Amino acid sequence: MIAIFLTVVLTENYVLCQFLGICPFLGVSKKLNTAVGMSVAVIFVMALATAATYPINKYLLVKNGLEYLQTIVFILVIAALVQFVEIVLKKFIPSLYQALGIYLPLITTNCAVLGVVLLNVESGYNFAQSMVNSVGAGVGFMIAMIMFAGVRERLEGNDIPKSLQGFPSTLIAASLVSLSFQGFSGIVENIFA
Amino acid sequence: MAEKKSLGKEFSKGLISENPVLRLVLGTCPTLAVSVSVTNAIGMGIAATIVLICSNVVISALRKVIPSKIRIPAYIVVIASFVTIVQMLVKAFVPALNDALGVYLPLIVVNCIILGRAEAFAGKNPVAASFFDGLGMGIGFTFALIVMATVREIIGSGTFLEGIDSLTALFGVTSFTGFTLFENPIGVIVMAPGGFLVFGLVMALANKIAEGRGKPKAELKGCDACPMASACGAACVGGSCESSEKEEQAV
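Residues numbered from 1 in each chain as written. Chains lettered and ligands numbered in written order. Predicted model: local features only at pLDDT ≥ 70, side-chain atom pairs only at ≥ 80, totals over all residues.

A.B. asks: How would you summarise the overall build of chain B if you had to cite specific residues and measurements?
C.D. replies: When its secondary structure is counted, chain B shows 10 helices and two strands. Here chain B holds 251 residues, and the buried ones make up 52% of them. In chain B, once contacts between residues fewer than 6 apart in sequence are set aside, the share between residues at least 24 apart is 71%. (Helix = DSSP H or I, 4+ residues; strand = E, 2+ residues; numbered from the N terminus. Buried ≥ 20, exposed ≤ 12 C-beta atoms within 10 Å, placed from the backbone. Contact = placed C-beta atoms within 7 Å.)

Dropping the structure here:
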């Protein structure tokens, strides 16, 4: 269980090693506070989406031999769930809605969320393992976002060649952050060997 | 914004001037993930192009029927259906590609390019124009993938077109299995950091070329890269609330 968590946070970080959720990673990481807000919303939705799709997959799709519908069903569940969470938060916990609300619609099309749900099914995790994996993926996303937001704040206002300004320099910075995460490879296997 | 353009223009704009990856900065996740080998890039490009054309045509045909309030869920259902069809076809006919692309094949559903084109183009334009827009954007995406993959495969694996026989086997050709160029490649280029690095450099090159022609360079501002930007209020976080259209970014 701990191994799954550490693997997904460090060695197989969704953003930096598996390229899931790159759009928000590059888009929302300009400031530290928006990065944190987005990451919290992602953790929240990932955990909920896994909790919702696991029973649907096990008791509805697999039982009836409809596994091929997974993609359609999962994306619809995620989309509906995000809408639902938004409405519920707005009505009952306005303060949390204030903090997370604006990030929620963005998450529907975040490939990290659909990715974590599909990978849970693919890896054959049970319910507890799936939940740990999803929360871990979210935490990994958060770490990557926060680290990278810090790097980007430093990058602002530096003098860089014209054609490298903006997006290309961001990508190269991401490459260096990602390189540092490569250093974790093998660490989990060795701890739990 | 393109009502009066000819069909040929709809097609050709996706190739270079509005290349979805290099100019509109859409679909970065699959671009980074599958560009480790040219074979994967071609396979991914073809799969995404088919989905893009089909979903563009269907969404365009239904554009007067779909109420605008629920258009995003409706688009997602259409796209997800075609992705499932393509996924099943790939599994049946090119199983090696299915293994290579893994989770990124079903993830075409959330590929920003497809939803982005549905939102920015197919939902507003007639069927024929949408078809050519989809074709052009799809080929533009494939082209960008192949450029990235060529660099990464040659430097990172020391091979070129490795495993192409899994694709050509569809036409009964299995004799050509790619070149091996040299030993001891720089492995980090095919790993995650290399993806970011090569993408950054290719983007810089594309900017340089665009600059030479007096075009604005591709820029990622806040949520502009996200096709949902026009649909969701969150877009205002980063400043600009416009959709991902290049013309608006240029302002």
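A.B. asks: Tell me what's going on with the overall build of chain A, and back it up with residues and numbers.
C.D. replies: Along the backbone of chain A there are 10 helices and zero strands. Written out in order from the N terminus, the α and β elements of chain A read α-α-α-α-α-α-α-α-α-α. Dimensions along the principal axes, computed over C-alpha positions, put chain A at roughly 60 × 50 × 30 Å. Residues counted as buried form 46% of the 193 residues belonging to chain A.

A.B. asks: Lay out the nonpolar core in plain terms, naming residues and giving numbers.
C.D. replies: Within the largest apolar cluster, 119 residues are counted, with the highest numbers of intra-cluster contacts made by A:Val113, A:Leu114, B:Val51 and B:Ile79. With residues near it in sequence (within four places) discarded, A:Leu114 still touches A:Phe74, A:Ile75, A:Ile78, B:Leu107, B:Val109 and B:Val110. (Core = buried A, V, L, I, M, F, W, Y, C linked by C-beta atoms within 7 Å.)

A.B. asks: Describe the interface of chain A and chain B, naming the residues involved and giving the relevant values.
C.D. replies: Counting from both sides, the interface comprises 42 residues of chain A and, opposite them, 50 residues of chain B. Of all the secondary structure elements, the ones that give two or more residues to the side of chain A that touches chain B are helix 2 (22-27), helix 4 (70-92), helix 6 (104-107), helix 7 (111-123) and helix 9 (167-182) of chain A. Among the elements that make up the side of chain A that touches chain B, the one with the highest residue count is helix 9 of chain A (nine residues).

A.B. asks: How would you explain helix 4 (residues 71-93) of chain B if you had to name every residue and give the values?
C.D. replies: Between its first and last C-alpha, helix 4 of chain B extends 33 Å over 23 residues, near the 33 Å set by a 1.5 Å rise per residue. Those residues of helix 4 of chain B lying buried are B:Ile72, B:Tyr75, B:Ile76, B:Val78, B:Ile79, B:Ala80, B:Phe82, B:Val83, B:Thr84, B:Val86 and B:Gln87. In this structure, the buried side of helix 4 of chain B is in contact with helix 4 of chain A together with helix 3 (38-61) and helix 6 (112-122) of chain B. (Expected span 1.5 Å × (residues − 1).)

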